[in-house]
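Residue-level structural notes
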Amino acid sequence: KFLTGEQGFMQWANDMSNALYDNGFCWASGACRVVIFHDEWDFVLKFTYDKEELIDYCRNEDYLYAKAKAWGVEQAFASCEYVGRFALYDIYVMDRCYCNEDGMSDDSYDLQYKKYCSEYGLDPDENDSMEEFSDNCPEYEDQECMLELAAEHWGEQFARKVIDFICEFGINDCHCGNWGWINDRLVIVDYAGYGDFARAIRNRRIKECGR
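What comes next concerns the included structure. (Residues numbered from 1 in each chain as written. Predicted model: local features only at pLDDT ≥ 70, side-chain atom pairs only at ≥ 80, totals over all residues. Heavy atoms only, no water.)

1. A word on the pattern of salt bridges
Quick reminder of the rule: By convention in these notes, a salt bridge is any Lys or Arg side-chain nitrogen within 4 Å of a carboxyl oxygen on Asp or Glu. Helix and strand definitions here come from DSSP, where helices need a minimum of 4 consecutive H or I residues and strands a minimum of 2 consecutive E residues; each element is numbered from the N-terminal end.
Summed over the entire model, instances satisfying the criterion amount to 11 salt bridges. Put simply, Asp 90 and Arg 85 hold a salt bridge, and the shortest N to O gap is 3.1 Å. Residues Glu 208 and Arg 204 are paired through a salt bridge, measuring 3.4 Å at the closest nitrogen-oxygen approach. In this pair, Glu 208 and Arg 204 are both assigned in helix 7 (residues 196–209), 4 residues apart and thus about one turn of the helix distant. Connected via shared salt-bridge partners are Arg 33, Lys 46, Glu 61 and Asp 190.

Encoded structure:
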């Protein structure tokens, strides 16, 4: 009913919530896309259900993952592969990751706090240090700080390659909610871009690939 346009996704998901849960399925959604997964799957199904300004975010992601492989930085990203078109929707398969936005936020905060105390000669165990950091702290959940956190896991050399790749293709919006773990490997799980950045990626993709 959803795939053919008879129902909107949220209506369908609400109608099917008990049946989905009873059969081991779960789903999550953002502004424009949906992820569906199952207890026994090591992958997820992902698709764009609201093509804001005609941006197919999943197609952006598929394009960028192919580019990441060409650059040798695919280990920094959850893999993306096109499955096929079902009625009105293109479906993609991606690695299933363990995502914990609060945990990512806490880890980034801890790193930025450690760096701040080191830079300004503060005792990290002092309440005054915590208060000063809170008054002056960077946006520790944003892309720049998350990439600094990733460098702690990836190593500086690989992190530099990933950052160069991200800059080359104008990938934005990699905040703490768009990261996850595949076993002990930290990856970006949502890298399609957003807003003007996503439109620029779409335009580059169409110019190169024709779609």
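2. Regarding the packing of helix 2 (residues 57–71) against helix 6 (residues 156–169)
Just so we agree on the cut-off: Only the stretch in contact is used when a helix axis is fitted, and all axes are lines through C-alpha atoms; the angle between N-to-C directions ranges over 0 to 180 degrees. Should an angle fall under 35 degrees it is taken as roughly parallel, and over 145 as roughly antiparallel, whereas 65 to 115 is taken as roughly perpendicular and any remaining angle as oblique. Left-handed describes a crossing in which the near helix is turned anticlockwise from the far one by less than a right angle; the clockwise case is right-handed. Only heavy atoms matter for contacts: two residues are in contact if any of them lie within 4.5 Å across the pair.
Where helix 2 contacts helix 6, the two axes come as close as 11 Å, and the packing angle between them is 135 degrees. Comparing the axis directions of helix 2 and helix 6 gives the class oblique. For the element pair helix 2 and helix 6, the recorded crossing hand is right-handed. Where helix 2 abuts helix 6, its residues Tyr 63, Leu 64, Lys 67, Ala 68 and Trp 71 lie against Lys 161, Asp 164, Phe 165, Glu 168 and Phe 169.

3. Overview of the packing of helix 5 (residues 143–154) against helix 6
Applicable threshold: Residue classes follow a fixed rule: Ala, Val, Leu, Ile, Met, Phe, Trp, Tyr, Cys and Pro count as nonpolar, while Asp, Glu, Lys and Arg count as charged, and any other residue, Gly among them, counts as polar.
Axis separation between helix 5 and helix 6 bottoms out at 7 Å; the angle between their running directions is 145 degrees. As helix 5 packs across helix 6, the resulting crossing turns out to be right-handed. Facing helix 5, whose interface residues are Gln 143, Leu 147, Ala 151 and Trp 154, helix 6 presents Glu 156, Phe 158, Ala 159, Val 162, Ile 163 and Ile 166. In terms of residue class, the contact of helix 5 with helix 6 is made up of 8 nonpolar, 1 polar and 1 charged.

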